[in-house]
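Overview (structure and organization)
Here is how the chains run, residue by residue.
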Amino acid sequence: MKVLKVIFTLALVLAAASAKNYKNHKVVTFKIDNDEQLKELQELERNSGVTFLEPPEAVNSKLAIVIQSDLFGMFEEIATATNLSFKVTSDDLQKIIDSEKPKKQPKAALDHDRYYTLEEMEEFMTEMAAAHRSASVFNVGRTTEGRTIKGIKIATDMSNPAIFIEANIHAREWISSATALWIIETVLTSTDPESREIFDGITWYIVPVTNPDGFAYTHDEVNGDRLWRKTKSIHNIFCMGVDPNRNFGYNWMMGGSSALPCSTTYAGPSAFSEPETRALMDYYETVPNKMLYLCFHSAAQMIIYPLGHTMETTDVPNVEDLDTIAEAAAVALKAVHDTDYIYGNGYRILYQTSGSSRDHAYGHFKTPLVFTYEMREGPENIFILPPDQIIANSEEILASLVAIIQTGKTLGYFNANL
Ligand SMILES: [Zn+2]
């Protein structure tokens, strides 16, 4: 077994000898309309060098692929033969990735006009905690590669209801952690009296980067891959990592997740096989007065409530409240910058999932209110969002979060001293 593990590691190290470059790679988006198209695309995923950003799993799902220019003819043939209409949203993905790179050196205060590295974010949290008495940095636990998952807690009165925000569990979804940082700063520094009253009535737990190994890999310009989504654990000789948001225990492997290690939605060899997911829920268990759990993702412009593997609401006793609150959140969000979001059950509006942190927080820990945000889509219809949209995205998300609190209060949630 030991020898095998060494070989596994060696193979993966060799495979990752240089950073992935996406020069002359097109981004193509489409919707799967029928079973014939689905079958052809599944075949394409298995037998070609085409990168599917999400696996082709169901009719009616929207997908994006990244494809080398010289393989594009093959894709076009399949599209013509099956009447699949598609859109090429970029002819050179590397150009888009290069345009995200930092333009200037970091400084003490954040400008929120570029995407920061893990180290910069941790430094920011440490500085914020040093400058504000209500804030402290906490450790969630350790990752496969030995990094520490860090969060920030903001508390004025521990009897207040708690909001827990988890971001960037999918490594490549950078806007999710950028938004979490902006929210941390705003909650700590806002001087608007009405906002202050709302913010101070909550105990905040915010984990900007829940998957630090994967996130560092997306930033690694020497050996990394900007499109990496999973953890960095090694369970297989050919493919690294597990989709952490299919690895939580509640209803693990009940549909919409894969048993194949090379799939982008690989659920892992067992529930909680990943130290990141285990540590997150071990920490969450200790949080008092659990009221709202938020999962920050991108990009589909949606507010999603449980459960992910079924459209049935038998196990979602307060589904009407969740629906009312999600609607208010989407309305408040649109009012800021006119961005359209839809809301609803995840299986109904996006695709089937199981083993997500959202469903675990709701189903296992009975957190009353739980939502996933799928944030803004970029110009190529994928998760790469130009950094000049970080602030606008953050503003509308926070406005909708305030609407969740306010609407929640009218429905009897968010009372202190639970
Ligand atoms: Zn995601």
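Because the structure is predicted, anything quoted here is derived from the model rather than measured.

Parameters at a glance
Residues numbered from 1 in each chain as written. Predicted model: local features only at pLDDT ≥ 70, side-chain atom pairs only at ≥ 80, totals over all residues. Helix = DSSP H or I, 4+ residues; strand = E, 2+ residues; numbered from the N terminus. Rg over C-alpha atoms; globule rule 2.2 N^0.38 Å. Domains from an automatic or database assignment. Contact = placed C-beta atoms within 7 Å. Pairing = 2+ DSSP bridges. Buried ≥ 20, exposed ≤ 12 C-beta atoms within 10 Å, placed from the backbone. Axes fitted to C-alpha atoms, helices over the stretch in contact; angles between N-to-C directions. Parallel < 35°, antiparallel > 145°, perpendicular 65-115°, else oblique. Left-handed = near helix turned anticlockwise from the far one by under 90°. Nonpolar A, V, L, I, M, F, W, Y, C, P; charged D, E, K, R; others polar.

1. Looking at the overall build of the protein chain
Within the protein chain, the secondary structure is distributed over 13 helices and 12 strands. The C-alpha radius of gyration computed for the protein chain amounts to 21 Å, which stays within 12% of the reference 22 Å derived for 418 residues, consistent with globular compactness. When the backbone C-alpha atoms are referred to their principal axes, the protein chain occupies close to 60 × 45 × 45 Å.

2. Remarks on the domain arrangement of the protein chain
Its domain assignment divides the protein chain into domain 1 (15-96) and domain 2 (118-222 + 243-410). Once you take the C-alpha centre of each, domain 1 and domain 2 turn out to be 28 Å apart. With 14 residues of domain 1 at the interface, the matching set in domain 2 holds 14 residues. Breaking the side of domain 1 that touches domain 2 down by element, the ones donating at least two residues are β1 (25-31) and β4 (86-90).

3. Here's the deal with the sheet that holds strand β3 (residues 62-68)
Across a sheet, strands are paired by hydrogen bonds formed along the backbone, either parallel or antiparallel in direction. Taken in spatial order, the 4 strands make up an open sheet running β2-β3-β1-β4, and their pairing is antiparallel. Two strands close off the open sheet at either side, each with one partner strand: β2 (51-52) and β4. Pairing analysis gives 4 bridges linking β1 to β4, with the strands arranged antiparallel. Paired with V27 across the bridge in β4 is S90.

4. What to know about unusual backbone geometry
A negative phi holds for most residues other than glycine; trans holds for most peptide bonds. For the peptide bond that leads from S298 to A299, omega is 5°, which places it in the cis range. Looking at the secondary structure, you find A299 in the loop between β9 (290-298) and β10 (302-305). Between P306 and L307 the backbone carries a cis peptide bond, its omega angle lying at -5°. Inspection of the secondary structure puts L307 in the loop between β10 and α10 (319-337). Although it is not a glycine, D338 adopts a positive phi angle of roughly 60°. With respect to the helices and strands, the residue D338 is situated in the loop between α10 and β11 (342-345). The phi torsion at N381 lies on the positive side, around 65°, for a residue other than glycine. Locating N381 in the fold gives a position in the loop between β12 (369-375) and α13 (390-410). A residue is classified by how many C-beta atoms lie within 10 Å of it, and N381, with 18 of them, is partly exposed.

5. A closer look at the sheet that holds strand β5 (residues 135-142)
Taking strand neighbours across the sheet as the criterion, the 8 strands line up as β5-β6-β8-β7-β9-β12-β10-β11 in an open arrangement whose pairing is mixed. The outermost strands of the open sheet, each flanked by one partner alone, are β5 and β11. Each neighbouring strand pair of the sheet contributes to a mean axis angle of 20°, computed without reference to strand direction. For β10 and β12, the ladder comprises 3 bridges, and the chain directions are antiparallel. Looking at β12, one finds that I303 is bridged to Y373.

6. Points about the pairing of β11
Walk down a regular strand and you will see the side chains alternate between the two sheet faces. Of the strand pairs in this sheet, β10 and β11 are connected by 4 bridges, and their pairing is parallel. In the strand pairing of β11, Y305 is matched with N345.

7. Details of the pairing of β9
Burial runs high along β9: 9 of the 9 residues are buried. Bridge count for strand β7 (residues 162-167) against β9 is 6 bridges, and the pairing is parallel. Note that in β9 the partner of I163 across the bridge is L292. In this sheet, β12 lies alongside β9 in parallel orientation, the contact comprising 7 bridges. Its bridge partner being in β12, F296 is matched across the sheet by Y373.

8. Topic: helix α8 (residues 212-219)
The buried fraction of α8 amounts to 7 of the 8 residues, a majority that puts the element mostly inside the structure. At its buried positions, α8 is contacted by α5 (118-131) and β6 (148-154).

9. Notes on the packing of helix α6 (residues 174-189) against α13
In contact at an axis separation of 9 Å, α6 and α13 are set at 65° when each is read in the N-to-C sense. Classified by the angle their axes make, α6 and α13 are roughly perpendicular. Helix-helix and strand crossings are classified by hand; for α6 and α13 the assignment is right-handed. When α6 is examined against α13, the residues I175, A178, T179, W182, I183 and T186 are found in contact with a partner set consisting of I390, I391, N393, S394, I397 and L398. When the residues that make up the contact of α6 with α13 are grouped by side-chain class, the tally is 8 nonpolar, 4 polar and no charged.

10. Things to note about the environment of D338
Residue class for D338 comes out exposed when judged on the 8 C-beta atoms lying within 10 Å of it. Separated by 54 residues in sequence, D338 and A392 place their C-alpha atoms 10 Å apart.

11. Remarks on the environment of I304
For I304, the location among the structural elements is in strand β10. Using a count of 27 C-beta atoms within 10 Å as the deciding quantity, one classes I304 as buried. Not counting the four nearest positions on each side in its chain, I304 is found in contact with G344, G346, I349, L350, F371, T372 and E374.

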